[in-house]
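Residue-level structure breakdown
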Amino acid sequence: MPAYVIARMKVNDPDGYRRYAEQTPDVVARYGGRFLVRGGRMTLREGDNSQLDRTVVVRFDSFEQAQVFYDSPEYQEIATLRWQAAESELLIVEGTGD
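Described in the following lines is the structure provided in the data block. Note that the coordinates shown come from a computational prediction; the quantities given were computed from them, not determined experimentally. Counting restarts for each chain, with residues numbered from 1 along the sequence as it is written. Residues qualify for local features only when their pLDDT is at least 70, as the model is predicted, and side-chain atom pairs are given and counted only at 80 or more; totals for whole chains, interfaces and linings, by contrast, use all residues. To obtain the side-chain values, all non-hydrogen atoms of the structure were included, while hydrogens and water were left out.

Describing the overall build of the chain
Put simply, DSSP H or I for four residues or longer makes a helix, DSSP E for two residues or longer makes a strand, and each gets a number counted from the N terminus. Tallying secondary structure elements over the chain gives 3 helices and 4 strands in all. Seen through its C-alpha atoms, the chain measures out along the principal axes to roughly 30 × 30 × 20 Å. The buried share of the chain, taken over its 98 residues, is 34%. Long-range pairs, those at least 24 residues apart, make up 75% of the contacts in the chain between residues at least 6 apart in sequence. Burial here depends on accessible area, computed with a 1.4 Å probe over protein chains only, as a share of the maximum for the residue type. Under 20% is buried, over 50% is exposed, and the range in between is partly exposed. The contact rule is simple, with two residues in contact once any of their heavy atoms fall within 4.5 Å.

Section: the sheet that holds strand β2 (residues 34–38)
When DSSP finds at least two bridges between two strands, those strands are taken to pair. Spatially, β2-β3-β1-β4 is the arrangement adopted by the 4 strands of the open sheet, whose pairing is antiparallel. Two strands close off the open sheet at either side, each with one partner strand: β2 and β4 (86–94). With direction set aside, neighbouring strand axes in the sheet form an average angle of 15°. Of the pairings in the sheet, the one linking β2 to strand β3 (residues 54–60) comprises 4 bridges and is antiparallel in character. Considered in β3, the bridge of R38 is made with V56. Every axis in this analysis is a line fitted to C-alpha atoms, fitted for helices over the stretch in contact. Angles between the N-to-C directions lie between 0 and 180 degrees. Here helix α1 (residues 14–30) sits on the sheet in contact with β1 (3–11), β2, β3 and β4, set at roughly 150° to β2. Packed on one face of the sheet, helix α3 (residues 73–85) meets β1 and β4 and runs near 135° to β4.

Below, the structure is given as structure tokens:
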């Protein structure tokens, strides 16, 4: 079943975040991921997390593969750029297989 890495962020340092965003596509692809959402327009319809202004969704073939990507040394190295540049929430969710 597919799995999705979902991140919501409030970018505080656009230049730092840009450095992170420039490096993630190669690492995502190396681990079999594919961006489905990478920023873009967004409107909050429910909830109170309006301070999070950027959403990213990456699809992987399995929950395990998404975890391998996240835990990889390559991703962890560039994740520090995101941690420094943005407040974020990140989760891995298993899909339905459809």
